[in-house]
Amino acid sequence: MWDDAFPSFLIGLREGLEAGLIVSILVATLVRAEARSRLPQVWTGVLAAIALAMSFGAVLTFTAASMPQTAQEAFGGVLSVIAVAFVTAMVFWMRRSARSLSGELKEKVTGALAMGSGVLILTSFLAVGREGLETALFLWTTARAAGESAGPMTGAGIGLVLAAGLCWGLYRRVLKINLTKFFTATGAVLIVIAAGVLGYGLRDLQEGGVLPGKTAYAVDLASSVDAGSWYSTLVQGVFNLTPTMTWLQVVAYVAYLAVVMTLFVRGVRATAPKAAKESPERETEAERPERRRPVWVVPAAVVAVPAVIAGLVVAFARPKPAGDQTVAVSETECGKGFTAPKPGRQTFQMRNTGGKTSEVYLVDPSTNAVYGEIEGLAPGTTRDLVATVAGGTYAWRCVPTGGKAVTSGSVTVTGGGAAKPVVPVSEQDLATPLKAYKAYVGQGLATLVGQTRTLADDIKGNHLDKARTDWLTAHLTYSSLGAAYGTFEDFDKKINGRADGLTDGVQDKDFTGFHRIEYGLWHGQSAKDLTGPAQQLVTDVAGLQKAFPSQDFAPGDLPLRAHEILENTLQFELTGDTDEGSGTNLATAGANVDGTRELLTVLKPLLTSRAPKLLPTVDADIARVQKLLDAAHDGDRWTAVDKLAANDRQRLNGATGQLLEDLAPIPDLLEIRKSA
């Protein structure tokens, strides 16, 4: 989460420190002028600024959430660009103003004291409000880029709390900070972060159809960079640099960074020797009489107005694209407001007007085939359902949690080509494939028990060369049972657990199973050292064989595992992450492919009727991956992952990635959908 939190932490710290310094100077000036009675007016202005910032954030969040996807992309892209402009201006303003900020504010406070409470409120409101609005916009932008709000909000919260503590220390004179150096250093980092936000915003504008070049990629490292690795996540979270970037993103990123950073660095160098000369000029300007501003609202109204305006905007000004239908969902009625749509891609705004969370399906009532769905539509919320409509009959089916399914009246659409609905799958449909796969696993476990006993006998008899061969045979048998791992409960950790996360690593007493024995066999441990782990493996495998028939193997797990087996292969085996010395990760990858092939065999009847072109495509993918794996196998020797030629490794990762992409639709095609 820290990779998503860091940019927001920095903006929270900087903006919080800016606003906090301003408030500290205002408060200190009033205290020294013996005008403590006017302090509530400062806090009223501060509270009004906070209310404005939070209201602005609410407007951004709720209005964007009600837009269709393309409009959300365009809206987010525009605001990302605006956020970059604000942050850039803030960085340069604070670089110029840090030295003279205190004197300017003291002069403004003196003028405000002479003109009345309203002007003092307005002074503090304007001084803090800008930082609040900038913070709200930047937080919304970074949260959207991260795809979640917990990390950015946590980072911003920590930054604001730290800024408040620093400002208190400065006010109480217990801390000394070189503010010029602080704002210069953080400004340089923010410029780098803002360059990434700009690139992300431009990508959103391309996705939203506002800018061209959506598929003109300058960088495409998706097949060779692990997007889930810690370093990739860190770079994406902090700098918004992704493995795939368009030419527009790259050019804008480089140009912004080159121009803005150059101007910033030059400005730092030019400002330092002139700082002393700027003070008289600013004093001369401050001596000019300020324009009197009338007291425009009472303090309570100042705090309430932003929230009221935000509420009105969210309630009445939500964008609604022309032609979209708002369809009601509840426990008693489903599809209220639904009329025959035009053929083509349509967006339906589904509004849950009931009191229970509901599943919503757009179906063909004659076959129950599903054209589109929303899972978990909460009460009082609205979400878009996008579906392609063609000639045919359509109805809505709503299934509230704990309630009975409600189906709307049907409408008929004429013309418009053909749509491809998904025929729903029931637990009964998956019962036969599940029975067949459980039989396959049961047979595999019976074989595995004998193989692990042979391995234990090898080690006990000090036949360690033979043990290495028999270890691989047994491990490949276990690896071919991939779709059942989720049902094995704690047995999988005992049988195929890793040393990662254990206190003493490979020396930890809880490091057991195949990888423990692998480590010992390929790191020179004696038969005496390995006899205990080998016998423990036999015991655990026998225990799994006995427990498996009564373990809960949910039918819905089968379609999910079709994708997940090789997803784990790409993450662990093809990175060499699970190699404890044998160099046989590619052999394990081959066993995982075998397990996937077996799973597809039992699912074939269901897949053929729903996506007849899918299995031939997947079969071709599997053959390509298998060919690349076979090329790394010579007799009983396997090439270790880290010994593969760079081109061979890239081709293998790319072929596996393509196979994963083609397997990805299976969970949706065979998802068990609620009907009652």
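Structure: above.
Overview of the structure.

1. So, the overall build of the protein
Here comes step 1: The number of helices and strands found in the protein is 20 helices and 13 strands.
Here comes step 2: Relative to its full complement of 676 residues, the protein shows a buried share of 47%.
Here comes step 3: Within the protein, contacts between residues separated by at least 24 positions form 74% of all contacts whose residues are at least 6 apart in sequence.

2. A closer look at the state of the cysteines
Here comes step 1: If you walk through the whole model with that rule in mind, you get 1 disulfide.
Here comes step 2: A sulfur-sulfur separation of 1.9 Å characterises the disulfide bridge that pairs Cys 334 with Cys 398. Handedness of the Cys 334-Cys 398 disulfide follows from its S-S torsion of about 70 degrees: it is right-handed. Placement of the pair is Cys 334 in strand β4 (residues 334–336) and Cys 398 in strand β9 (residues 392–400), with a sequence separation of 64 residues.

3. Structural notes on the pairing of β9
Here comes step 1: Of all 9 residues that make up β9, 7 are buried, and the element is covered over most of its length.
Here comes step 2: Across 6 bridges, strand β6 (residues 358–364) lies against β9 in antiparallel orientation. Bridge pairing in β9 places Val 360 opposite Cys 398.
Here comes step 3: Here 3 bridges tie β9 to strand β11 (residues 411–413), and the two strands are oriented antiparallel to one another. Pairing of Gly 392 across the sheet is with Val 413, part of β11.
Here comes step 4: With 2 bridges joining them, β9 and strand β10 (residues 406–407) adopt antiparallel strand pairing. Residue pairing across strands places Cys 398 opposite Val 406, the latter belonging to β10.
Here comes step 5: Here β9 folds back onto β10, and the loop between the two strands holds 5 residues, one of which, Gly 402, carries a positive phi near 75 degrees.

4. Structural notes on the nonpolar core
Inside soluble globular proteins, nonpolar side chains tend to come together where they are buried.
Here comes step 1: In this structure, Tyr 437, Ile 459, Leu 599 and Leu 607 are the most contacted members of the largest nonpolar core, which totals 69 residues.
Here comes step 2: In terms of nonpolar packing, the next biggest core, distinct from the first, is built from 22 residues, Phe 92, Leu 139, Leu 202 and Tyr 256 among them.

5. Regarding helix α12 (residues 464–479)
Here comes step 1: Here α12 is 16 residues long and its end C-alpha atoms lie 22 Å apart, about the 22 Å a rise of 1.5 Å per residue gives.
Here comes step 2: Among all positions in α12, only Leu 464, Ala 467, Asp 470, Trp 471, Leu 472, Ala 474, His 475, Thr 477, Tyr 478 and Ser 479 are buried.
Here comes step 3: Residues of α12 that are buried make contact with α11 (427–460), α13 (491–496), α14 (514–521), α15 (527–547), α17 (585–610) and β13 (637–638).

6. Notes on the side chain of Glu 518
Here comes step 1: Relative to the helices and strands, Glu 518 resides in helix α14.
Here comes step 2: For the buried Glu 518, no salt bridge is present, and the opposite-charge side chain at shortest range is Arg 498, 9.4 Å distant.
Here comes step 3: Those residues in contact with Glu 518, other than ones at most four positions away along the chain, are Trp 471, Thr 578, Asp 579, Glu 580, Gly 581 and Ser 582.

7. Examining the packing of aromatic side chains
Here comes step 1: On inspection of all chains with the given rule, the structure shows 11 aromatic pairs.
Here comes step 2: With centroids separated by 5.3 Å and ring planes inclined at 45 degrees, the aromatic side chains of Tyr 437 and Tyr 440 adopt a geometry described as tilted. Taken together, the residues span about one helical turn, with Tyr 437 and Tyr 440 both in helix α11 at a distance of 3 residues.
Here comes step 3: Summarising the aromatic geometry, the rings of Trp 471 and Phe 514 are spaced 6.5 Å apart at their centres and angled 75 degrees between planes, so their arrangement reads as edge-to-face. One end of the pair, Trp 471, is in helix α12; the other, Phe 514, is in helix α14, and 43 residues separate them in sequence.
Here comes step 4: Trp 471 sits in the buried class, given a relative accessible area of 1%.
Here comes step 5: The class of Phe 514 is buried, set by a relative accessible area of 0%.
Here comes step 6: Three or more aromatic residues joined by ring pairs form one cluster here, namely Trp 471, Tyr 478, Phe 488, Phe 514, Trp 522 and Phe 548.

8. Quick notes on the pairing of strand β7 (residues 369–377)
Here comes step 1: By the bridge criterion, 6 bridges tie β6 to β7 in an arrangement that is antiparallel. Within the sheet, the bridge partner assigned to Ser 358 lies in β7 and is Leu 377.
Here comes step 2: In this antiparallel pair of consecutive strands, β6 and β7, the connection spans 4 residues, and Asn 368 shows a positive phi of 65 degrees.

9. A look at a nonpolar patch on the surface
Here comes step 1: On the surface, Leu 47, Ile 50 and Met 54 cluster together into a nonpolar patch covering about 310 Å² of accessible area.
Here comes step 2: For Ile 50, the position within the fold is in helix α2 (residues 39–65).
Here comes step 3: Residue Ile 50 is classed as partly exposed on the basis of its relative accessible area, which comes to 41%.

10. Details of the sheet that holds β4
Here comes step 1: Spatial strand order, β4-β3-β5-β8: 4 strands in an open sheet with mixed pairing. Whereas interior strands pair on both sides, the edge strands pair on one side only; in this sheet they are β4 and β8 (382–389). Geometrically, the sheet is characterised by an average inter-axis angle of 35 degrees between neighbouring strands, direction not taken into account.
Here comes step 2: When strand β3 (residues 325–329) meets strand β5 (residues 344–352), the two strands line up parallel, connected through 5 bridges. Paired with Ala 328 across the two strands is Arg 351, which belongs to β5.

11. A word on α17
Here comes step 1: In a regular helix each residue adds 1.5 Å, so 26 residues correspond to 38 Å; α17 covers 35 Å between its end C-alpha atoms and thus fits that length.
Here comes step 2: Along its length, α17 reaches its greatest deviation from straightness, about 65 degrees, at Lys 604, and the proline Pro 605 lies no more than four positions downstream.

12. Some remarks on the pattern of salt bridges
Two side chains that carry opposite charge are able to pair once their charged atoms sit near each other.
Here comes step 1: Summed over the entire model, instances satisfying the criterion amount to 11 salt bridges.
Here comes step 2: Asp 500 serves as the salt-bridge partner of Arg 498, at 2.6 Å between the closest nitrogen and oxygen.
Here comes step 3: Here Asp 510 makes a salt bridge to Lys 509, at a shortest N to O gap of 3.5 Å.
Here comes step 4: Using a relative accessible area of 49% as the deciding quantity, one classes Asp 510 as partly exposed.
Here comes step 5: Here the salt bridges share partners, and the residues they tie into one network are Asp 458, Lys 466 and Asp 470.

About the thresholds
- Residues numbered from 1 in each chain as written.
- Predicted model: local features only at pLDDT ≥ 70, side-chain atom pairs only at ≥ 80, totals over all residues.
- Heavy atoms only, no water.
- Helix = DSSP H or I, 4+ residues; strand = E, 2+ residues; numbered from the N terminus.
- Buried < 20%, exposed > 50% of the residue type's maximum accessible area, 1.4 Å probe, protein only.
- Contact = heavy atoms within 4.5 Å.
- Disulfide = S-S within 2.5 Å.
- Pairing = 2+ DSSP bridges.
- Core = buried A, V, L, I, M, F, W, Y, C linked by side-chain atoms within 4.5 Å.
- Expected span 1.5 Å × (residues − 1).
- Lys, Arg positive; Asp, Glu negative; His and termini not counted.
- Salt bridge = Lys/Arg side-chain N within 4 Å of Asp/Glu carboxyl O.
- Phe/Tyr/Trp six-rings, centres within 6.5 Å; stacked < 30°, edge-to-face > 60°.
- Patch = residues over 30% accessible without salt bridge, like charges linked within 9 Å, V, L, I, M, F, W, Y side chains within 5 Å.
- Areas by Shrake-Rupley, 256 points an atom, 1.4 Å probe, with all protein chains shown as cover.
- Axes fitted to C-alpha atoms, helices over the stretch in contact; angles between N-to-C directions.
- Bend = angle between axes of the 7 residues up to and from the residue.

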